[in-house]
Amino acid sequence: MTTSNIVLDLIEAFRWSKTMFAAVELGVFDGARPEDCKELSRLLDACVSLGLLEKRGGDYVNTSVADRYLRSDSPDTLSGYIRYSNNALYPMWGHLEDAVREGTHRWKQTFGFDGPIFSHFFRTEDAMREFLKGMHGFGRICSPAIVAAFDLSRFRHLVDLGGASGHLAEAARERYPHLKTTVFDLPSVARIYPGTIAGDFFTDPLPEADLYYVGRILHDWSEEKIAKLLAKIHAALPSGGGLLIGEKLLDEHYIAGHMQSLNMLVVTEGRERTAGEYEALLQAAGFTFIESKHTGAPLHATLAIK
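Residues numbered from 1 in each chain as written. Predicted model: local features only at pLDDT ≥ 70, side-chain atom pairs only at ≥ 80, totals over all residues. Heavy atoms only, no water.

Engineer: Sorry if this is basic, but what is going on with the packing of helix α1 (residues 6-25) against helix α2 (residues 40-49) here?
Structural biologist: Axes are the key here: two packed helices are described by the angle between their axes and the distance separating the axes. Viewed as axis vectors pointing N to C, α1 and α2 meet at an angle of 125°, and their least axial separation amounts to 10 Å. Considered as vectors, α1 and α2 are oriented oblique to each other. In terms of crossing hand, the pair formed by α1 and α2 is left-handed. Taken together, the residues of α2 that come into contact with α1 (itself represented by Thr19, Ala22 and Ala23) are Leu43, Ala46 and Cys47. Classifying every residue of the contact of α1 with α2 gives five nonpolar, one polar and no charged. (Axes fitted to C-alpha atoms, helices over the stretch in contact; angles between N-to-C directions. Helix = DSSP H or I, 4+ residues; strand = E, 2+ residues; numbered from the N terminus. Parallel < 35°, antiparallel > 145°, perpendicular 65-115°, else oblique. Left-handed = near helix turned anticlockwise from the far one by under 90°. Contact = heavy atoms within 4.5 Å. Nonpolar A, V, L, I, M, F, W, Y, C, P; charged D, E, K, R; others polar.)

Engineer: How should I be thinking about the sheet that holds strand β4 (residues 180-185) in this particular structure?
Structural biologist: Backbone hydrogen bonds are what pair the strands of a sheet, in a parallel or an antiparallel way. Spatially, seven strands are ordered β5-β4-β3-β6-β7-β9-β8 in an open sheet, and the strand pairing comes out mixed. Edge strands, defined here as strands with exactly one partner in the open sheet, are β5 (197-198) and β8 (290-293). Relative to strand β9 (residues 300-305), β8 runs antiparallel, the two sharing four bridges. Bridging from a neighbouring strand, serine 292 pairs with threonine 302 of β9. Contacts between helix α13 (residues 275-284) and the sheet are confined to β7 (242-247), β8 and β9, with β8 contributing the most and set at about 155° to the helix. (Pairing = 2+ DSSP bridges.)

Engineer: Any chance you could explain the nonpolar core here in plain terms?
Structural biologist: Nonpolar side chains in soluble globular proteins generally cluster together in the buried interior. Core analysis: the largest hydrophobic core is formed by 27 residues, its most contacted members being Leu161, Tyr212, Ile233, Leu243 and Phe287. Every element with two or more residues in this core is listed here: β3 (157-161), β6 (211-215), α11 (223-236), β7 and α13. Element by element, the count of residues in this core is highest for α11, at four residues. Phe138, Phe155, Ala301 and Ile305 belong to the second-largest nonpolar core, a separate cluster that totals 21 residues. (Core = buried A, V, L, I, M, F, W, Y, C linked by side-chain atoms within 4.5 Å. Buried < 20%, exposed > 50% of the residue type's maximum accessible area, 1.4 Å probe, protein only.)

Engineer: What is the right way to look at the packing of aromatic side chains in this model?
Structural biologist: For any pair of aromatic rings, geometry is given as the distance between the ring centres together with the angle between the planes. Summed over all chains, the structure comprises six aromatic pairs. When the ring of phenylalanine 21 is compared with that of tyrosine 90, the centres are 6.4 Å apart and the planes differ by 85°; the resulting orientation is edge-to-face. Here phenylalanine 21 is found in helix α1, whereas its partner tyrosine 90 is found in helix α4 (residues 79-93), with 69 residues between them in sequence. What makes phenylalanine 21 buried here is its relative accessible area of 10%. Given a relative accessible area of 32%, tyrosine 90 falls into the partly exposed group. Judged by centre distance (6.3 Å) and plane angle (35°), the ring pair of tyrosine 81 and phenylalanine 138 falls under tilted. Of this pair, tyrosine 81 sits in helix α4 while phenylalanine 138 sits in helix α8 (residues 125-148), placing them 57 residues apart in sequence. Phenylalanine 138 shares its class with tyrosine 81; the two are buried. Ring pairs connect the aromatic residues Tyr81, Tyr84 and Phe138, which therefore count as one cluster. Lying across the ring of tyrosine 90, lysine 18 places its NZ or CZ 4.8 Å from the centre. When the ring centre of phenylalanine 138 is taken as origin, the NZ or CZ atom of arginine 216, which lies over that ring, is 4.0 Å away. (Phe/Tyr/Trp six-rings, centres within 6.5 Å; stacked < 30°, edge-to-face > 60°. Lys NZ or Arg CZ within 6 Å of the ring centre and 35° of its normal.)

Engineer: What is the right way to look at the pairing of strand β1 (residues 53-56) in this model?
Structural biologist: Side-chain direction in a regular strand flips from residue to residue, so the side chains alternate between the two faces of the sheet. Both β1 and strand β2 (residues 59-62) contribute to a ladder of four bridges, which runs antiparallel. Within the sheet, the bridge partner assigned to arginine 56 lies in β2 and is aspartate 59. Counted between consecutive antiparallel strands, the loop separating β1 from β2 contains two residues, among which glycine 57 sits at a positive phi close to 65°.

Okay, here's the thing in structure tokens:
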């Protein structure tokens, strides 16, 4: 966004997002041209203006960016996260003012759902698969940078808590071929990804490891629940074992971090935190050496040692 027109840009920003969301929902980047859409050409022209499509003769074709990230069969697709954003986040953000006033998520207000937050993410089989597909696409962007942020060659067994499709474990094995990796996630997720150990990291014993990873996990929860989980991880680690964290680290001018923190308010019990706030939580759990790094990817990395 241009600094000189920041207010005008912000007025229009949701239109850009919604244009991409609608095009993904209609299958435009997979080559679909639904005949029942009376104004499809207007949407296609808008995608050209956004750099997502280009015109060749009388045809509209994907740009290289759209081909990689918006085509549903691409290994790097973000289409799952876009559909989740369109169908869940977009309507929930319509109640941001109420979330700010009341300090609670908007699932019940928007959809009438009650109960634990992940019962909403996984409310149907299709919703769960769409959410996990979105997390996989996002993880493909971030995980290689996370495992490269620190020298992890001393560790022998990494367990990714809440690791879903195993994108972090895959990236870790590629960088450290000696490293054994295990993915631990809820039974409903484990049914989708063979080889995943089923369990709840809050209530079940953790698989043995000398390195645990939590990526986009801690920002979902309150300080009380995080303290419980960090203490449990610390107790499970051997001396010299580590905890690797992938989260956005807030600073004053980091727009994406503050937008995600608002998203956590709207959708979860949690928030984004600064490196100092994570350090305090980790020290309280008993960790000593703690270091955070910006990775150049959408998630930053923190390593804590027992």
